[in-house]
Structures are given as structure tokens and as C-alpha cells.
Amino acid sequence: AAIMNEHFVNVKVDREERPDVDGIYMQAVQAMTGQGGWPMTVFLTPDGEPFWGGTYFPPEDRHGLPSFQRVLLAVAESWRDRRDKVHETAQRMRDYYAAALGVPVDTGAPTEQTLDRAYRALAQRFDERNGGFEGAPKFPPAMPMDFLLRVAARTDNETALEMVHRTFIHMARGGIFDQVGGGFHRYSVDAVWLVPHFEKMLYDNALLARLGVHLWQATADAEVRLATEATLDWVLREMRAEGGGFCSALDADSEGGEGAFYVWPQHELQELLGADADAAMMYWGAHESANFEGRCILHVPNAPSVVAARLHTDVSALMATIDRARATLASARETRSRPLRDDKVIAAWNGWMLRAFAEAARVFGRSDYREVAIETAQLLAGRIGRDGRVPRVLSGDGADGPGFLEDHASLSLAFADVYALTGDRRWLDEAAALARATIARFYEPASGRFFDTASDHEALVTRPRAVSDNATPSGNSLAVEMAQRLGVLLGDESLLAIADAVLRELSESMVRFAPAFGHLLGAADSAVYGPVEVAIVGERKTSQFETLSVALAQQYVPSLVLASGDPDVPRHDSIPLLEGRQAGATGATAYVCRRYVCSAPTADPAELREQLQTAVTART
């Protein structure tokens, strides 16, 4: 600290609050060193231009890495004695940034072949034994899995569906999933999903819960639904902020070190569980030996049916035992020191979690999730400025800092999902207004590109533009999905043209680097096949309306655009999907369309399911 304060003006960046700053200088470190990561240290001129940087530096020289003190003194010496060289490097970085924002190259609109090549690229990296991609460490691949689920639905590809199902089940049975309290940890340090980094992030759980909803629609697997609902229930129990919305993270550490809140000595399990101990410890892989520093990370190494057979009981009796054991352990765990919670309410992350709750409420028929979705939507809508500006962090009664592209696009999409859930025109209007404000501030018509910062954002060394999806979907891919979705809901061809322009520049990159474009590949799928447009017309309170809604909810329909309500009611008559549609003699009728070609109106849920399947698998 003394060396730093003597030679430098030190700036510490919270990358969650300022992803723009983090992204700009991560780009520089990757260009200078060939790799990136955190912690990250970047050395800048007083004008903010990077000239040297790196990731981890040890406290002492080791493994070929210089100590941080050595680095600091060497950089200070270069600034003092060789400043002309420093400015030469800074100039090269300015040139690098300029080249990155050069004239876009049209690589062609994505096609079925684009999607097939991306699928094959992902399949080559798939871990057939454990699920996920390649070896350790393993991060939850929610977005690539969502794309694979689309492939499975569009092409009846059983292998693609098995890849998604195997990955989700292995994670849900692994130590990466909190077997007692629900929710997924950040990543697994091994290839088998056993030993996690115990931090829990809101964004991981939002993306995985939404994937779980869609996977349940595709498989009707009760285990998938159980893990999905356990994740959302954990969010409701532990992550709701005092002023509304959802907090961003739980720390990995608590008193006793990393993971101490989550792991169990074998003797404690025996003492707490009593007569249930043998069955529960066999189910959770804790009956033979400890697997983490003398304690047990609970996981499910064998399917419930296998464990039940070994115990000479049936699965329902086993799971009743596990439910009792889980409740006992949850109660005991409350006496431990809890991991610290990061109470930042980040707009984009809340948008993703709102989408998960809205989808789960519609698909699972959970009225409690519906209430949470509406309540959260009202909170988020109330924090948007009159000019359509979304703050990055929502805290208490105030807002902190300007929002980025991902914040605006995420909330627009979340409001569209709440509209699909409720049929309340207010949420379509909120989504539309925010989409138009996003286009106005973050889209550059001359280049056909979205940028991460608004056009009137503070001046930085470059205007950041992240196009790949990493741990979270990029603002770019979210904005493309937003333009596609609202373009259909509003009948606005200009929005669809914007989405197509962005995809044309990136269609080849999506194939070459498929794991890094999971969310954008979903948007490419929508562009290639077209969204499936469904209108359910009639009075929402009637049994026929409910019957049709349930039939739709039980089927996985990629790129679903749903409108519902009575077109004779004011404020519904201007929604293109509802215009000219009639409820019919039964009181409610469903209309299924794709690329302006519509099936016959139907009030029969079985026929609706057939029409949806035809629309999903129809070729371009």
C-alpha cells in the first residue's frame, strides 16, 4: 500500500457497478498479455489510456511471476525514466481500440447451416459423462444449453436434448447445487460438479431457473422441476432486498472459512438426523467418507431409484425421508454464521430474475411466483426515469449511476414476459417504451451496432461494446432479442431490421466461438426460424381460456411471442396479434402463426399442442 500510494493515483473499480470500465481495461489486458481474468491490475496514463497490465501477481516472486511490489516499482520507474516508451504503448492501445470499432463486416444473415455448425461445435466440447463442457473448472453453461434445447425442439434432435438434460441433472445432483437450501453455487472446481466455489450469484440462478422451466416443458421431468422451484424458493427466502427487488450475491465464506455454512461433519449428520441418518447419508453421498477437508459436501451420486433399491424401499418413501432430513438440516444450519450478502440491487440481474419468475409462474401455475413477478415489475418500473433511463444499481429509495445496455434491454424483456404472464397491457407498454429508449441511446444507425454505454455517457478511452456472452448474456445479445420480441408484438419492422443488422455482423463469430455466444445463438435461431406467435383471445377468467393457457404452458416453444386478452376491450385493440381475432362460441380461442402463416383457430387444447409442434419444427 505504501508503494502504491507513493507512486500512483489508485482507483478501485467495482466491476458489477461499472462493467463499462471493467470491460474496456479487460480488453486491454487481453490484448497485451493474451489472457484476462480477475483480480486485474491495469496501469494508465493520467488520460486513462492503458499501457501495461496483468491479472494475479503474487506477494513474492514465484512460479515465474514477479511479485506485485516488483511490478509496481518497475512501472513507476518506466513512467519516470522512459515516459516516451509509455506513451508509445498507450498510442498502440488507442490504435487497437480504434481498430476494434472499425467498419463492420457483413458475414451474412444466419442460416440453418449457421445453427448446425454452432451445434456441432458445442457437441464436440460436451462432456458426455458428467455434462457441461470439457474439464475443470466447470461453470454452469445456461446459455449454450438454452440454445441446445432450441436445437432439440426444432430438429427433434434427441442427442441435443440429452446434452441439456444430463447437464442440468448432474448439476442439480452435484455439490454445486445447495442440497439443503436450494440454489446453485458459482462454479465447480472439478469436472464432476462436486466441489464448488461456494459463492452464490443472482444471475447464475436466474439463468439456470429459466433454463429449468424450459427443460421441464421439454421433458416433464419432476426432478428438473423440483430443482428449479427449489432455486426460486431460495431466492424468495434469502435474496429479497429490504426495499424490494433481489440482492446480487452471497459470499463463499463465513466464520470458519469458505463453504463452512454448507458442509457437514459426518458425526453431526448422524446426531441431527437420528433414524433418518443412514438413508439420508447414503442419498447425499456422505455415508462412506468426507469429501471436503474432513467434512461432507452433500450431493446425489446415484439416482433416487438406485438408492431406494439399495435400501429396499420405494422412491416415494425415500424422498419423504429426504424431505424430513432436509428440513432438519436447514433448521440446524440457521444456527451457523451466515455468509455475507451483497445487497446491491442490480437492474439487469433483477430483470433476468424477473423473467425466471414470470416464466415459472406461467408454466408451473404458481400464484406465489405470479405475485412476486408483478410486485418486482412494479418496483423496477417505478425506478425508471421519465426519459426511459434505467439506473444500474437500485438501492433503497435512491438510484446509483447510469444503467448500461444490458440493464435497459433486460428490463424491457422482463416486462414483455410479465405481459405474457398477465395479459395486462401496461407491461407491453412499459416494454415498448423502454425498447424505444434503448434504441435511441444505445444503437448507432450508421454502423448498425449496439454499444454498452449510452450516447451521452461520460467520455471514456473508448466506447465499450461487448458482443460475446460470458457468465451473463451481453447487452448486445439481449438488445437483439428485445428488438425481435418487441418488433413482433408491436408490428414494428424497423426493430426487426435492427436485430438482423447486428446478427449479420456476428453470424460467423457465433460459429467459430459458439460457447461464447449462447444467448445470441438463441436470437439467431429466432431469426432463422421465425418466432412462434400465439394469441389466446377471450375473457381470461373463463375455464376455456385457462385450459388453452395450460396447454400452451406445458409445451416448450422456442421464441414464443404470446399475446392474450379480449380484443374488444380498450387498450387491447391495437396489439397486432389480437387484431381481428374473435373468442368464438366456446369463450376462448387460440391462434398460432409463424411468418404470417396461421393455423386454423382452435378451442381444442389437443389441437393447439399439435399446431405448436408443427410451428416449432416447420422448416424455413
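Residues numbered from 1 in each chain as written. Predicted model: local features only at pLDDT ≥ 70, side-chain atom pairs only at ≥ 80, totals over all residues. Heavy atoms only, no water.

K.L.:
Tell me about the overall build of the chain, and name the residues and values.
P.N.:
The helix and strand tally for the chain stands at 22 helices and 18 strands. Since a compact globule built from 620 residues should have a radius of gyration of about 25 Å, the 26 Å found for the chain is in line with a globular shape. Expressed along its principal axes, the backbone C-alpha trace of the chain runs to roughly 85 × 70 × 50 Å. For the chain, buried positions account for 55% of its 620 residues. Put simply, 67% of the contacts in the chain that link residues at least 6 apart link residues at least 24 apart. As displayed, the chain offers around 26,200 Å² of accessible surface, 50% of which is attributable to carbon and sulfur atoms. (Helix = DSSP H or I, 4+ residues; strand = E, 2+ residues; numbered from the N terminus. Rg over C-alpha atoms; globule rule 2.2 N^0.38 Å. Buried < 20%, exposed > 50% of the residue type's maximum accessible area, 1.4 Å probe, protein only. Contact = heavy atoms within 4.5 Å. Areas by Shrake-Rupley, 256 points an atom, 1.4 Å probe, with all protein chains shown as cover.)

K.L.:
Tell me about the sheet that holds strand β15 (residues 532-538), and name the residues and values.
P.N.:
Taken together, 4 strands build an open sheet; the order of strands is β16-β15-β17-β18 and the sheet is mixed. Whereas interior strands pair on both sides, the edge strands pair on one side only; in this sheet they are β16 (560-565) and β18 (597-598). By the bridge criterion, 2 bridges tie strand β17 (residues 588-594) to β18 in an arrangement that is antiparallel. Directly across from arginine 594, in β18, lies its bridge partner valine 597. Packed onto the sheet, helix α18 (residues 475-490) meets β15 and β16 and runs at close to 35 degrees relative to β16. (Pairing = 2+ DSSP bridges. Axes fitted to C-alpha atoms, helices over the stretch in contact; angles between N-to-C directions.)

K.L.:
Please give an account of the side chain of lysine 200 that cites residues and values.
P.N.:
Relative to the helices and strands, lysine 200 resides in strand β5 (residues 200-201). Of the residues examined, lysine 200 reaches a relative accessible area of 1% and is grouped as buried. With near-sequence residues (within four places) excluded, lysine 200 lies in contact with Asp178, Gly182, Gly183, Phe184, His185, Trp234, Ser248, Ala249, Leu250 and Tyr262.

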